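# Descriptive analysis of the structure
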Amino acid sequence: MGHDPSVTRTWVLHPDIKSNNDRRLPEPALAEAVALAEALPGLEVFGETIVRLPKAHAGMLFGKGKIEELHNVFDEHEIDLVLIDGPVTPVQQRNLEKAWGVKLLDRTGLILEIFSDRARTSEGVLQVEMAALSYQRTRLVRAWTHLERQRGGLGFVGGPGETQIESDRRAIDDQLVRLRRKLSKVVKTRALHREARAKVPFPIVALVGYTNAGKSTLFNKLTGAEVFAKDMLFATLDPTMRAVELPDGPQVILSDTVGFISDLPTELVASFRATLEEVLAADLIVHVRDISHEGSEEQAADVRSILTSLGVGENANQIEVWNKIDLLEPDDHDAVLARAARHEEVIATSSVTGFGMKDFVQAVELALEGEIIAETLVLPYSDGRKRAWLFERSLVEAERQGENGFELDLRWKAKDRAQFESL
């Protein structure tokens, strides 16, 4: 009996391999993998399975008995695509596709597909294409000689590729060189924009967090912007910036960044470094957490790990927002509020109902105040550019003309001083 050809009937497997010492619990990990699959248009999940393994089998990942059992299940449900929530080697992929008679996609391939579907800006499209090509290049071990086609472009799920296997590696290398040139121009433009923003005395507040933690909803709540926000993994991909006037504080630039995820493909981290480095330029990093998720602590650890890999140190100016408390049961709700109250840098919110928004804004204002330093600086009369820079930022309390130059009474922060010294 046939089925709708426009729908890719999908089954999700999570290998729970004991020898991996995986920090993620298998049940929420499987749920996340299913949510990833549902985030990709055209896929319909017909089933999900946790496969417990003492260790991975080198050639087939699973044992013969389990492969036979799953083959029967896939046949019964007419499955077109199997998603494996974890890394799969090219050899394992070839062998499993042959044994099951289906297409197979691992976690990295699926995330790349989603990023490809979400990218909107020219930079985002370039970064995804580079990441996909880098991933695809590692798979060119003649793994698909049993197929009539090779996965071309981002056609991991479907659609014929256009290049022959024999010339793939050379073609991919040529494409990567071309894309790197294009992306380097975009990176230069982004760096110029960053320098321009540094000259504007508005602090930058970057929202970071695990995907689907509610960053875009929080962003919309504060800015009134129409950034696409949905209960979906990677609902937004490209970074968005808006100016926001805080009630009792300065005007700030709020930045909504791409969501993080555990086991984020290294190809994506490398390709999106230029975008993620916006976080490094931020005056304040707001780590948004979905506190209602049972794996919230593990998700937070993944976010911190990626921030560390980007060069964000422990001493960076950060606060945590425990979002989605409206989804908690009453007892858990009260317990989370009590826990949050014990930490100055933690605010419990619901970006949907607006609960805690006033506390969040006050916490941002307080974090941005920083430690004000009062000191007197003597500038030579010939150093008019530096003097103008200080006045542009309203850092001068008083000015006198002395024997050796301008005597300026300043009130500024360590960041202002560092920027001044780099002039």
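Residues numbered from 1 in each chain as written. Predicted model: local features only at pLDDT ≥ 70, side-chain atom pairs only at ≥ 80, totals over all residues. Heavy atoms only, no water.

## Focus: the sheet that holds strand E13 (residues 406–412)
Note the cut-off: Here a strand pair is declared whenever DSSP counts at least two bridges between the two strands. Think of it this way: any DSSP run of H or I at least four residues long counts as a helix, any run of E at least two long counts as a strand, and we number them from the N terminus. As a rule, the C-alpha atoms of each element are fitted with a line to give its axis, helices using only the stretch in contact, and angles between N-to-C directions run from 0 to 180 degrees. The contact criterion used throughout is that any non-hydrogen atoms of two residues lie within 4.5 Å.
Taking strand neighbours across the sheet as the criterion, the 3 strands line up as E11-E13-E12 in an open arrangement whose pairing is antiparallel. Two strands lie at the open edges of the sheet, namely strand E11 (373–379) and strand E12 (396–401), each paired on one side alone. The average undirected angle you get between the axes of adjacent strands in this sheet is 15 degrees. Sheet topology note: the E12/E13 ladder contains 5 bridges and is antiparallel. If you follow Gln401 over to E13, its bridge partner there is Phe406. On the sheet, helix H13 (residues 384–392) packs against E11, E12 and E13 and is oriented at approximately 35 degrees with respect to E13.

## Some points on the pattern of salt bridges
Any two side chains of opposite charge can pair, so long as their charged atoms come close to each other. For clarity, the cut-off: One speaks of a salt bridge when a side-chain nitrogen belonging to Lys or Arg is within 4 Å of a carboxyl oxygen belonging to Asp or Glu. Each residue gets one of three labels from its accessible area relative to the maximum for its type: buried under 20%, exposed over 50%, partly exposed in between, using a 1.4 Å probe on protein chains only.
Applying the stated criterion to the full structure yields 15 salt bridges. Across the pair Glu320 and Arg289 runs a salt bridge whose closest N-O atoms are separated by 3.1 Å. Residue Glu320 is found in strand E9 (residues 318–323), and its partner Arg289 is found in strand E8 (residues 284–290); the two are separated by 31 residues along the sequence. Look at Glu320 and you get buried, because its relative accessible area is 13%. Salt-bridge contacts for Arg304 lead to Glu320; the nearest nitrogen and oxygen are separated by 2.7 Å. Here the residue Arg304 occupies a position in helix H10 (residues 296–310), and Glu320 occupies one in strand E9, the gap between them amounting to 16 residues. Connected through shared salt-bridge partners, Arg289, Glu297, Arg304, Glu320 and Arg339 make up one network.

## Observations concerning empty space enclosed by the protein
Operational definition: Buried and open spaces are told apart on a 1 Å grid over the protein atoms alone, a cavity being a set of points where a 1.4 Å probe fits but cannot get out and a pocket being an open set with protein on both sides within 12 Å along at least five of seven lines. Residues with an atom within 4 Å of a point are the lining residues. Grid points are joined across faces, edges and corners, and a volume is the space filled by probe spheres set on the points. Polar here means any residue outside two lists: the nonpolar Ala, Val, Leu, Ile, Met, Phe, Trp, Tyr, Cys and Pro, and the charged Asp, Glu, Lys and Arg; Gly therefore counts as polar.
With the rule as written, the count across this model stands at 5 cavities of 30 Å³ or more. By volume, the largest cavity amounts to about 120 Å³. Around the largest cavity, the lining residues are Arg24, Leu25, Pro28, Ala29, Glu32, Tyr210, Ser262, His293, Gly295, Glu298, Gln299 and Asp302. Its residues assigned to classes, the lining of the largest cavity shows 4 nonpolar, 4 polar and 4 charged.

## Focus on the packing of helix H7 (residues 215–223) against helix H12 (residues 357–369)
Heads up, the rule is: For this classification, under 35 degrees means roughly parallel, over 145 means roughly antiparallel, 65 to 115 means roughly perpendicular, and everything else is oblique.
Between H7 and H12, the shortest axis-to-axis distance is 12 Å and the interhelical angle comes to 85 degrees. Of the possible angle classes, the one that applies to H7 and H12 is roughly perpendicular. Residues Leu218, Lys221 and Leu222 of H7 lie in contact with H12, whose contacting residues are Met357, Phe360 and Val361. Looking at side-chain class alone, the contact of H7 with H12 contains 5 nonpolar, no polar and 1 charged residues.

## Here's the deal with a positive patch on the surface
Quick reminder of the rule: Patch membership needs two things, relative accessible area over 30% and no salt bridge, and members are linked within 9 Å if like-charged or within 5 Å if nonpolar (Val, Leu, Ile, Met, Phe, Trp, Tyr). Areas reported as accessible are Shrake-Rupley estimates using a 1.4 Å probe. Residue values count occlusion only from the protein chains shown. Only four residue types enter the tally: Lys and Arg on the positive side, Asp and Glu on the negative side; His and the chain ends are excluded. Charge positions are represented by NZ for Lys, CZ for Arg, CG for Asp and CD for Glu.
Residues Arg178, Lys182, Lys185 and Lys188 make up a contiguous surface patch of positive charge. Mapped onto the elements of the fold, Lys182 is located in helix H6 (residues 165–199). Overall, Lys182 belongs to the partly exposed group, its relative accessible area being 43%.

## What to know about the sheet that holds strand E1 (residues 8–17)
Read across the open sheet, the 4 strands follow the order E2-E1-E3-E4; overall the sheet is parallel. The open sheet has two edge strands, strand E2 (43–53) and strand E4 (103–106), and neither has a second partner. Within the sheet, the average angular offset between the axes of one strand and its neighbour, ignoring direction, is 20 degrees. One ladder, built from 4 bridges, connects strand E3 (residues 81–84) with E4; its direction is parallel. Counted as the bridge partner of Leu81 is Lys103 from E4.

## What to know about helix H1 (residues 26–38)
As a reminder, the rule being used: Any helix carries an expected span of 1.5 Å times its number of residues minus one.
Under the 1.5 Å per step criterion, the end-to-end length of H1 is 18 Å for 13 residues, consistent within 8% with the ideal 18 Å. Looking at H1, one finds that the buried residues are Pro26, Pro28, Ala29, Leu30, Glu32, Ala33, Val34, Leu36 and Ala37. Where H1 is buried, its residues meet E1, E2, E3, helix H4 (107–118) and H10.

## As for the packing of H1 against H4
Convention followed: Helix crossings fall into two classes, left-handed where the near helix is turned counterclockwise from the far one by less than a right angle and right-handed where it is turned clockwise.
Across the interface, H1 lies against H4 with an axial gap of 10 Å and an inter-helix angle of 40 degrees. In terms of their interaxial angle, H1 and H4 are classed as oblique. Crossing handedness for the pair H1 and H4: left-handed. Two secondary-structure elements touch here, H1 through Glu32, Ala33, Leu36 and Ala37 and H4 through Arg107, Leu110, Ile111 and Ile114. Of the residues assigned to the contact of H1 with H4, the class counts are 6 nonpolar, no polar and 2 charged.

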